[in-house]
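Below are the chains, spelled out letter by letter.
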Amino acid sequence: MKILNFGSVNVDYVYGVDHFVKPSETLASQSYDVFMGGKGCNQSVALAKAGAEVYHAGNIGKDGLWIKEQLEKWGVNTDFLQIIDGPTGHAIIQVVPEGQNAIIIHGGANRTVTPQQIDQTLNHFGSDDWLLFQNEINCIPELIEAAFAKGMKIIFNPAPMTSEVASFPLNKIDVFIINEVEGQELTQQTSPADILQVMTARFPNAATLLTLGEKGAVYSHQNTHTQVEAQRVKTIDTTAAGDTFIGYFLASQALGLPLEESLNSASKAAAICVTRKGGAISIPNREEV
Ligand code: RIB
């Protein structure tokens, strides 16, 4: 069973600041780093480090070739990652001393996906395979329809949430992986219990994994609810914590681990991730977890 992650790749420009910049303010940063990132790329790295067979599809510019090489070194298959004319996507990330971040993204190559590229890529996958995607690429409705026609298991992490998401053919999704903010926007509810109730009512055949940051995560499918606690650690940088959780959870499920064990390994991996600076580079391998 293969996991196809059709997703973004970003160059992350990361600035350590003592507070998030305010309107009209010019703020000097205390540190500056350039890391590989993008929700798609981070999730592919987490999947590979957790032991899954993962194929990362999407687009980068020539300035992103170093990221492609690093993905391959970490065991991500990049046969379907295209090099296009134009810049790789990028993110400008402020990180405050408490470890919280604020992110601006520019889509760049991530927004140049075509329906033809989707069809050509999905030709290499079948009904035993899983499709994972986030909301940082274009052509998502076409991607969902193509994967559904193939009978693939479809997993959607609608991050970052946009108003467009409501217009996607969401009834074809098998698993939603959302945080509280995404859950609130999808359902117009505020409490985790209400978010899950509305998700189940609207998508009765789909599972929802709701991540709750320091409060852990809940997996809900029809009448099954499984909750895990978060691990307590000293937070340095929360970037890619959610991506790490998703990659570890899905890899563990793909490897046949029980649900609770999959959630626990995801929670531990995310906890290790926040103790380190950066996105993909901060994702631990299975031995560390
Ligand atoms: O989830 C973290 C990621 O969000 C960063 O790596 C950044 O590129 C943005 O896509």
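Refer to the preceding data block for the structure.
The shown structure was predicted, so the numbers you read here are calculated from the model rather than taken from an experiment. (Residues numbered from 1 in each chain as written. Predicted model: local features only at pLDDT ≥ 70, side-chain atom pairs only at ≥ 80, totals over all residues. Heavy atoms only, no water.)

Caption draft 1: Structural context of the overall build of the protein. Helix and strand counts for the protein come out as eight helices and 13 strands. The C-alpha atoms of the protein give 18 Å as radius of gyration, which agrees with the globular expectation for 289 residues (19 Å, within 12%). Counting the 289 residues in the protein, one finds 52% classified as buried. Total accessible area on the protein stands at roughly 12,500 Å², and carbon and sulfur atoms take up 50% of it. In the protein, 19 positive and 31 negative side-chain charges are present, and the distance between their average locations comes to 2 Å. (Helix = DSSP H or I, 4+ residues; strand = E, 2+ residues; numbered from the N terminus. Rg over C-alpha atoms; globule rule 2.2 N^0.38 Å. Buried < 20%, exposed > 50% of the residue type's maximum accessible area, 1.4 Å probe, protein only. Areas by Shrake-Rupley, 256 points an atom, 1.4 Å probe, with all protein chains shown as cover. Lys, Arg positive; Asp, Glu negative; His and termini not counted. Charge placed at Lys NZ, Arg CZ, Asp CG, Glu CD.)

Caption draft 2: Quick peek at the sheet that holds strand β6 (residues 89–95). If you trace the four strands from one edge of the open sheet to the other, you get β3-β2-β6-β7, paired in mixed fashion. Two strands bound the open sheet, and with one partner strand each, they are β3 (31–37) and β7 (101–106). Strand-to-strand, the axes of this sheet are offset by a mean angle of 20°, without reference to chain direction. Pairing analysis gives seven bridges linking strand β2 (residues 10–16) to β6, with the strands arranged parallel. Residue pairing across strands places N10 opposite G89, the latter belonging to β6. Its contacts with the sheet put helix α2 (residues 65–73) on β2 and β3, and the angle it makes with β3 is roughly 65°. (Pairing = 2+ DSSP bridges. Axes fitted to C-alpha atoms, helices over the stretch in contact; angles between N-to-C directions. Contact = heavy atoms within 4.5 Å.)

Caption draft 3: Broad picture of the side chain of S267. Of note, S267 is situated in helix α8 (residues 259–274). Residue contacts for S267: discarding those within four places in its chain leaves E229, A230, Q231 and F245.

Caption draft 4: Expanded view of the sheet that holds strand β9 (residues 153–157). If you walk across this open sheet you meet the nine strands as β5-β4-β1-β8-β9-β10-β11-β12-β13, and the pairing is mixed. Looking at strand neighbours, the two that pair on one side only are β5 (81–83) and β13 (224–228), the edges of this open sheet. Neighbouring strand axes in the sheet, compared pairwise and without regard to direction, differ in orientation by 15° on average. As paired elements, strand β10 (residues 175–179) and strand β11 (residues 207–211) share five bridges and run parallel to each other. Within the sheet, the bridge partner assigned to I177 lies in β11 and is L209. Along the sheet face, helix α4 (residues 140–150) touches β1 (3–6), β8 (130–134) and β9 and points at about 170° away from the line of β8.

Caption draft 5: Looking closely at α4. Taken together, the buried positions of α4 are occupied by I140, L143, I144, A146 and A147. Projected down its long axis, α4 carries its buried residues within an arc of 170°, all on one side. Lining the buried residues of α4 we find β1, α3 (115–122), β8 and β9. Following α4 by one or two positions, G151 adopts a phi angle in the positive range, close to 80°. (Arc of directions from axis to C-beta.)

Caption draft 6: Broad picture of unusual backbone geometry. Residue P160 follows A159 across a cis peptide bond; omega there is -5°. Looking at the element boundaries, P160 is found in the loop between β9 and β10. In the Ramachandran plot, S24 falls in the positive-phi region, its phi being about 70° despite a non-glycine side chain. Summarising the element assignment, S24 is placed in the loop between β2 and β3. Owing to a relative accessible area of 83%, S24 belongs among the exposed residues under this scheme. For A240, which is not a glycine, the phi torsion comes out positive at approximately 75°. By the secondary structure assignment, A240 is in the loop between β13 and α7 (241–254). Note on A240: relative accessible area 8%, which makes it buried.

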